[in-house]
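If you want the building blocks of each chain, they are given just below.
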Amino acid sequence: MPGKLKVKIVAGRHLPVMDRASDLTDAFVEVKFGNTTFKTDVYPKSLNPQWNSEWFKFEVDDEELQDEPLQITVLDHDTYSANDAIGKVYIDIDPLLYSEAATVISGWFPIYDTIHGIRGEINVVVKVDLFNDLNRFRQSSCGVKFFCTTSIPKCYRAVIIHGFVEELVVNEDPEYQWIDRIRTPRASNEARQRLISLMSGELQRKIGLKVLEMRGNAVVGYLQCFDLEGESGLVVRAIGTVCTLDKLSNTSAFLPACNSPSKEMKEIPFNEDPNPNTHSSGPSTPLKNQTYSFSPSKSYSRQSSSSDTDLSLTPKTAPSPQGPRIFLFPSSPTLSCDSPHLKKSCLLLSGSALNPLHSSHVSPVVLRKSVSFTEELLLAASGMGSGSAGKEGGPFKTLLRQQTQSALEQREFPFFTLTTFPPGFLVHVGGVVSARSVKLLDRIHNPDEPETRDAWWAEIRQEIKSHAKALGCHAVVGYSESTSICEEVCILSASGTAAVLNPRFLQDGTVEGCLEQRLSWQPGFFSIGSEKGEVDFFPQSQDSSSLLGIEEASPPGCGFCHIPYDELNMPFPAHLTYCYNCRKQKVPDVLFTTIDLPVEAIVIGKGCLIQARLCRLKKKAQAEANATSISNLLPFMEYEVHTQLMNKLKLRGMNALFGLRIQITVGENMLMGLASATGVYLAALPTPGGIQIAGKTPNDGTYEQHISHMQKKINDTIAKNKELYEINPPELPEEIIGSPIPEPRQRSRLLRSQSESSDEVTELDLSHGKKDAFVLEIDDTDAMEDVHSLLTDAPPPSGFYSCNTEIMPGISNWTPEIQMFTAVRVSRLGNINLTNQTLNKNFNDLCENLLKSLYFKLRSMVPCCLCHVNFTVALPEDELVQIAVTAVAITFDKNQTLQANKAPTEKSQQRASTDNEEQLQFPLELCPDPLASQPSLPAKEVLEGATSQTGIPAAQRAASLDKTSPLAEGYLRHRSVPSCTNSTVSVVKMTPLSFLPGAKITKYLGIINMFFIRETTSLREEGGVSGFLHAFIAEVFAMVRAHVAALGGNAVVSYIMKQCVFMENPNKNQAQCLINVSGDAVIFVRESELEMLPVQPSTVVSQPTSSGGDVTT
Amino acid sequence: MTSDLDIFVGNTTLIDEEVYQLWLDGYTVSEAVSRRLRGGLLERSGTSVSVLQSDTRDHFRTFQMLERLLHSPPRLCQQLLFQIPPPRQAALIQGYYAFEPALARELLGKKLSKGTKKELDEVSARTGLSLRACRRQFDNFKRVFKAVEELKGPLAELIQQHFLLPPPLARDYAAIVFFANSRFETGKRRLQFLSFGDLAACAQHMMGHWTQGAMTPEAAEPDGDVPRSFLQDLKELKVLVSDKDLLDQHKSLVCSALRGKISVYNEMETNFKVLDPCRSDHWSLGDLRLFLGSYTTAPRALGGFRHQLLWERYMAGISACLLRMYHE
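Thresholds applied
- Residues numbered from 1 in each chain as written.
- Chains lettered and ligands numbered in written order.
- Predicted model: local features only at pLDDT ≥ 70, side-chain atom pairs only at ≥ 80, totals over all residues.
- Heavy atoms only, no water.
- Helix = DSSP H or I, 4+ residues; strand = E, 2+ residues; numbered from the N terminus.
- Buried < 20%, exposed > 50% of the residue type's maximum accessible area, 1.4 Å probe, protein only.
- Contact = heavy atoms within 4.5 Å.
- Areas by Shrake-Rupley, 256 points an atom, 1.4 Å probe, with all protein chains shown as cover.
- Pairing = 2+ DSSP bridges.
- pLDDT = per-residue confidence, 0-100.
- Buried area = accessible area lost by both parts, 1.4 Å probe.
- Salt bridge = Lys/Arg side-chain N within 4 Å of Asp/Glu carboxyl O.
- Polar contact = N/O pair within 3.5 Å; in protein donor to acceptor, adjacent residues only side chain to side chain.
- Phe/Tyr/Trp six-rings, centres within 6.5 Å; stacked < 30°, edge-to-face > 60°.
- Lys NZ or Arg CZ within 6 Å of the ring centre and 35° of its normal.
- Disulfide = S-S within 2.5 Å.
- Axes fitted to C-alpha atoms, helices over the stretch in contact; angles between N-to-C directions.
- Left-handed = near helix turned anticlockwise from the far one by under 90°.
- Nonpolar A, V, L, I, M, F, W, Y, C, P; charged D, E, K, R; others polar.
- Expected span 1.5 Å × (residues − 1).
- Core = buried A, V, L, I, M, F, W, Y, C linked by side-chain atoms within 4.5 Å.

This next bit is on the overall build of chain A. When its secondary structure is counted, chain A shows 32 helices and 31 strands. The buried share among the 1113 residues of chain A stands at 62%. The contacts of chain A with a sequence gap of at least 6 include a subset with a gap of at least 24, amounting to 80%. Here chain A displays about 41200 Å² of accessible surface, and carbon together with sulfur accounts for 53% of that area.

This is the structure:
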């Protein structure tokens, strides 16, 4: 009996009138969990009942706690007939199941009915008493934390990033069961909501089990999706990245710049190491070879392939969630305050060396043994590492790489759903890898063995993996999966960014990964002399890493751009030059990625949202014929989307794309492709050449004229864009640059139509990098139109920027005002004589108009940036296109931008102070003489931080808060306005980003994952489709906010609307919509409020040397 | 390519002051769009008509959804559906309950019934307000009237509490409720020169002096009514007029008290206690004030007049009203 769930129903308010005669309601509440139901008394004749019930107690095991939602139903008592349901509240109690999240859920919840929407509110208190029962047969995974955030959550530190986890569960869709014919729409909707809630609970629990098996304690970048396969069933699938996270202590979370005192403390134990002689071990010992020859453990490849974890294996071998922490205790206080840059400077050692720990016998004896064993190895290797300082790291590097590679390869899928990484994690980026496959859906016969769906995904992932390998990469980051379903055809897509990772974080499932880190640099540290402090020893990350032989000196600002593949044996034709930043390594001319811009990247100017949009008609067909025609179209679409992206990128004078997301949507008679990404100019990559137009009929004079006119227009646009996005790269001497001679043979042609021979498809030349100027060949009027459409993308109005990544490159001085929104449009395409061209134009206009209308709506926030702009396209019916956009508008301070541009050093420091935990400061690029300037830097930074908290910005912040409403302002001017002082509703911010500008997240309260269905049979009366969906989305927001507030939170970060399936039948006056949203509930504190907390800058300033290493590297 | 569905939902409800006013004024979406166009918005923001249409529709839809909540302002503050910062909530409420004095003047003293509502098209024609705006304002009057009808206590405060209105607006509503309750015939031709502001001020004076609330704050009867007992008592005061003897005495007392102080003494004697004549004789406001003061206190010296307290309470209200009404 591992848990007791306690629920108290306090009161209701604003209930609907259920009794027409009295205009009142006799309400009571049913509280259901699993198969147990409790009821409150009837509170007669009131719309604001005060039940004040006793505590209803459910004694349940924790497996049930994880799977089941708490179900609260409000009913109207009727003496003579059946009681009428008013509505329901589903509460996911998962956040109460792990210690660091919420402890109680208490607050007002909207009472929701799938037919009527929100009908009043109910006040509920929920608590869980978990009994510790460490030896129980383990089917549950209570205690594993889940985060939607695709980076290491702000108040945590990644000890180890273990890797990919996936799972899927299937069931029959209640909507398609026979019983659905005889039950009411309400009953059917509720059955569906409940089932999906149960399935996602089960899925999360199963994922949690895998996490525990991998010795992790958290899933980051958790993405759960539903596939509504219609007749063939309902699939709920999830992917994520398993990590071992360490909570940063409050002090360091609040005062990230001054964690040095605690660090000094933690270093003492190492001084008093019981085996001092290990420190003196020589630079190189035979042991090191052993290290590399250890064969990696296979324990994880076993379960990652099957979606059903073999539970019978786990009970004895898997440690309790506290297990790893117990082992950690001697060192964990030490580690909790470790600063990222220090880790960066650490040498990684192979996880494979720690194999004994992977064995299923987790007994203290074995553990101890393995620890000491590890130490020796580590010391040996690190000694060697320091010996190979400088340029001699070659063989070591190779070894290291091999070993990393093998460590990753032994995992079935070395994938990471993260898009932002701890500094130094990303070594090289190869490029985007993606795979799609078209499948015919068939009925899932046995829901307990969803093998086909599993096999489908396994196939795709395998493909992704091999693509990555072809790019010379052993891992895929920014990985995501998606589906598009139309009738019985399903397109499965996966994409990510091939990358080479610094294996330091990837120690295979062992806690010693971190221990090892500490030890690995510690000896070096002491051998140099502890009195000097780390600053002397690790003056810069570059030196330390080369010192330890991780990589050749790769400057942090450009290292990730350097090609990971072999120059002489390139996977595809590419145009390479020496890096424009360090001049040491080769870089490609263009870089596409699915991740966020690494914080350390050196960017010139600002970024912008770039979209490629494409429609392709296809014949209506059945089953296999349909699937075949879709498969045939896909490569054309991919190619064209890629070409469009490349053209638009060049048109903006930029050379890299981040956050690339290509969505291909299948409808009955067409396919749509929408790619969104954020274009930037990376300083490390060469300046992109322009776009050159070539005509096909050279002897026609007017034609020539036309061409040259277009060419001029294009050139003008490029020039204008460079100015707009402030792209002014420094002039470079020619000789460094390679030989950028355009090769006419390598011209890429725009594919016009399906009639194009398929031979060409097989030789798709995706590398437009061969030539300096990108050549567009115009061979017919269609191509002409394409060039025109290229030029029609209007830049955002002045004062607006937009991107689909977390932050806008080039803007750092955010003010706290944010506005998250969802906009949905459904458009009917004329059904007469549709051609690909008119379709393309319509689709393009639809997207452009939508963006325009967003800019117009948010004009009062200028200057502002639309961040994380996320478009999703659906084709709900024959001629209908649905586009949903979710994004957040964030204001920023224009004046500060100007200042920052003048003084880049200041700018980066501002950045540092707004994003303290990231520790992105790479002073190398900023200070010509890092050694000299370093001691002064930290102090300066602290001062900077202090002024930014107390000085003008705070005042500006206050001012900007007030100006949120032009209306309020207007009224306030001439009349005194009494505010609604009795307002009890707390404000909950929502954002698709992982952070809140000007605020510090102090606590993660748990994941929010909600699924709602809304249906109406009186569509006209509810204001038509727009009225219906507007109300529904507002209701979804309200329910999300209510849940967050009840958890004690004041914001949702990494919010995402994963699904919005809208169906209408205007003839029947009916509509139905399904929405699935998720995010992380958090508590944040404004930085302006933080300054109230006792800050002791004196202690910080007084220890500049020790904090110097922290802050500056 | 037409957009069937086109919505924008912000986590913080987006409200455009200008569009809200257009909505309150009762314009349709297309009328509002053309008004916004005329305002030169297109040039300023560099956007297109279709964007403006979509934006206007969106706002109007939001306002329609909010309207239900605006009928009960405390609910607007408690509801969870729309996240609106409190100052903006207050502004929304205030905007919704603001009314055109001309319309209020027309409706003052009328029964707030369906019949009156049917006459709104005439009112709309006379005031130049759109019928929709008239209806909204009429419904507001009626809603406020209904809400406080049965309640006890000072009217303006009650309204402030229940509708979260700023004090001046709440006082105006109190006046409307007072007139609707007591059904004063403010529509008479002779009173046409009085504005809503005049009458509202009078109502406040009358409530201030005559109602139960004025005497005992925790009065048993609603404040919007002049208590029946008071009206009953007033009959007693008729002796001052009906009793020839008393009237003459009163008159002479007032005259003697004011002799030399009032410039229009001669006229006063003849025009005793009528407002219109004073106007035609060009009394100054100060003169009137003196006269009324004296008129009120004079009966103290009258033998056989036993209702001095009642008289003074009556006269305090009347005097204040007369003074207010006495303008060009």
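Still more to cover.
So, about the overall build of chain B. The secondary structure content of chain B amounts to 21 helices and 1 strand. By residue count, 49% of the 328 residues in chain B fall in the buried class. Here chain B displays about 15200 Å² of accessible surface, and carbon together with sulfur accounts for 52% of that area.

Turning our attention to the environment of Val89(A). Residues and elements named next belong to chain A. Mapped onto the fold, Val89 is located in strand E6 (residues 84-91). Assessed through its relative accessible area of 3%, Val89 is described here as buried. Along the sequence, Val89 and Ile72 sit 17 residues apart, while their C-alpha atoms lie 5.1 Å from each other. Residues contacting Val89, with those up to four places away along its chain left out, are Leu70, Gln71, Ile72, Phe109, Pro110, Ile111 and Ile122.

Within the open sheet, the 4 strands sit side by side as E18-E20-E21-E19 (chain A). Their pairing is mixed. Across the chains shown, the open sheet's two edge strands, defined by having one partner strand only, are strand E18 (591-592) and strand E19 (603-617) of chain A.

Residue and element names in this part refer to chain A. Confidence along chain A averages 70 in pLDDT terms, with 62% of residues attaining 70 or more. Put simply, helix H8 (residues 323-328) is where chain A has its lowest mean pLDDT, 27, and helix H29 (residues 1024-1046) is where it has its highest, 95. Per-residue pLDDT stays below 50 along residues 508-553; that stretch engages in 129 contacts with residues further than four places along the chain or on separate chains.

Quick look at the pairing of strand E5 (residues 70-76) of chain A now. Residue and element names in this part refer to chain A. Across the 7 residues of E5, 7 count as buried, placing the element largely inside the fold. Bridge count between strand E2 (residues 27-33) and E5: 6 bridges; the pairing is antiparallel. Within the sheet, the bridge partner assigned to Lys32 lies in E5 and is Gln71. The sheet contact formed by E5 and E6 spans 7 bridges and is antiparallel. Paired with Val74 across the bridge in E6 is Gly87.

This part covers the interface of chain B and chain A. The accessible area lost on association of the parts is a frequent measure of interface size. Facing the 52 residues of chain B at the interface are 66 residues of chain A. For the chain B and chain A pair, buried surface summed over both sides reaches about 5200 Å², with 60% attributable to carbon and sulfur atoms. Notably, a salt bridge pairs Lys857(A) with Asp55(B), separated by 2.7 Å at the nearest N-O pair. The interface formed by chain B and chain A includes 23 residue pairs in polar contact (both at pLDDT 80 or more).

Throughout the structure, instances matching the rule amount to 33 aromatic pairs over all chains. Judged by centre distance (5.4 Å) and plane angle (35 degrees), the rings of Phe413(A) and Phe415(A) are tilted. Both residues of the pair, Phe413(A) and Phe415(A), count as buried. Here the aromatic rings of Trp814(A) and Phe892(A) are separated by 6.0 Å at their centres, their planes lie at 85 degrees, and the arrangement is edge-to-face. Within this pair, whereas Trp814(A) is found in strand E25 (residues 814-828), its partner Phe892(A) is found in strand E27 (residues 880-892), the two being separated by 78 residues in sequence. A relative accessible area of 13% places Trp814(A) in the buried class. For Phe892(A), a relative accessible area of 5% translates into the label buried. Of the aromatic side chains, those joined through ring pairs into one cluster are Tyr20(B), Trp23(B), Phe63(B), Tyr96(B), Tyr97(B), Phe99(B), Phe141(B), Phe163(B) and Tyr173(B). Across from the ring centre of Trp55(A), 5.6 Å away, lies the NZ or CZ of Lys6(A), which sits over that ring. The ring of Tyr156(A) carries the charged tip of Lys247(A) above its face, separated from the ring centre by 5.3 Å.

A word on the side chain of Glu121(A). Within the element layout of this structure, Glu121(A) appears in strand E8 (residues 117-130). Note on Glu121(A): relative accessible area 4%, which makes it buried. A polar atom in the side chain of Glu121(A) sits 2.5 Å from the side chain of Arg13(A). When sequence neighbours within four positions are dropped, the list of residues in contact with Glu121(A) reads Ala11(A), Gly12(A), Arg13(A), His14(A), Leu15(A), Trp108(A), Phe109(A), Pro110(A), Ile111(A), Gln78(B), Gln79(B) and Leu80(B).

Simply put, disulfide is the name for a covalent bond between the sulfur atoms of two cysteines. Under the definition given, this model contains 0 disulfides over all chains. Cysteine Cys558(A) is unpaired, with the sulfur of Cys579(A) as its nearest cysteine sulfur at 3.6 Å.

With that settled, the discussion passes to the confidence of the model for chain B. Per-residue pLDDT for chain B has a mean of 76; in total, 60% of the residues score no lower than 70. Within the model, the stretch residues 214-222 of chain B combines pLDDT values under 50 with 14 contacts to residues more than four positions away or in other chains.

On to the environment of Gln462(A). Residues and elements named next belong to chain A. Among the structural elements, Gln462 can be located in helix H14 (residues 451-470). With relative accessibility at 37%, the residue Gln462 sits in the partly exposed group. For the pair Gln462 and Ala435, spaced 27 residues apart in sequence, the C-alpha to C-alpha distance is 9.4 Å. Beyond its immediate chain neighbours, meaning those up to four positions away, Gln462 contacts Glu412 and Phe413.

Moving on to the sheet that holds strand E29 (residues 999-1016) of chain A. Residue and element names in this part refer to chain A. Strand order across the open sheet formed by 4 strands is E28-E30-E31-E29, with mixed pairing between neighbours. Edge positions in the sheet fall to strand E28 (989-990) and E29, since each of these pairs with one other strand and no more. Bridge count between E29 and strand E31 (residues 1070-1086): 16 bridges; the pairing is antiparallel. Within E31, the residue paired with Ile1007 across the bridge is Asp1080. Where helix H2 (residues 185-213) meets the sheet, its contacts fall on E29 and E31, and the angle it forms with E29 comes to roughly 145 degrees. Sheet strands touched by H29: E28, E29, strand E30 (1051-1065) and E31. Its angle to E29, the strand with the most contacts, is close to 145 degrees.

A few words now on the pairing of E31(A). Residues and elements named next belong to chain A. Burial of E31 is extensive: 15 of the 17 residues sit out of reach of the surface. The sheet contact formed by E30 and E31 spans 12 bridges and is antiparallel. Following the sheet pairing, Val1061 is matched in E31 by Leu1074. Remark: 4 residues form the turn of the hairpin made by E30 and E31, two consecutive strands paired antiparallel; Asn1069 in that turn has positive phi of roughly 65 degrees.

At a closest axis distance of 11 Å, the pairing of H29(A) and helix H4 (residues 49-70) of chain B adopts a crossing angle of 65 degrees. Note that H29(A) runs across H4(B); the crossing there is right-handed. Residues Ser1026(A), Gly1027(A), His1030(A) and Ala1031(A) of H29(A) touch H4(B), and the partners they reach there are Asp58(B), Arg61(B), Thr62(B) and Met65(B). For the contact of H29(A) with H4(B), the class distribution of residues is 2 nonpolar, 4 polar and 2 charged.

Time to look at the pattern of salt bridges. Pairing is possible between side chains that carry opposite charge, provided their charged atoms lie close to one another. Counting across every chain of the model gives 37 salt bridges over all chains. In this structure, a network of salt bridges that share partners links the residues Lys857(A), Arg859(A), Asp16(B), Arg36(B), Asp55(B), Asp58(B) and Arg61(B).

Attention now moves to helix H6 (residues 86-97) of chain B. Residues and elements named next belong to chain B. Look at H6: 16 Å from first C-alpha to last across 12 residues, which is about the 16 Å you get at 1.5 Å a residue. Across the 12 residues of H6, 10 count as buried, placing the element largely inside the fold. Considered for burial, the residues of H6 that qualify are Arg88, Gln89, Ala90, Ala91, Leu92, Ile93, Gln94, Gly95, Tyr96 and Tyr97.

Let's shift gears to the nonpolar core. Across soluble globular proteins, you tend to see nonpolar side chains buried next to one another. By size, the foremost hydrophobic cluster in this structure holds 192 residues, and its most contacted members are Leu70(A), Ile122(A), Leu682(A) and Ile159(B). Residue contributions to this core peak at 14 residues, all from H29(A). Each residue touching Ile159(B), except ones within four places of it in the same chain, is listed here: Val144(B), Val148(B), Leu164(B), Leu165(B), Ala170(B), Tyr173(B), Ala174(B) and Val177(B).

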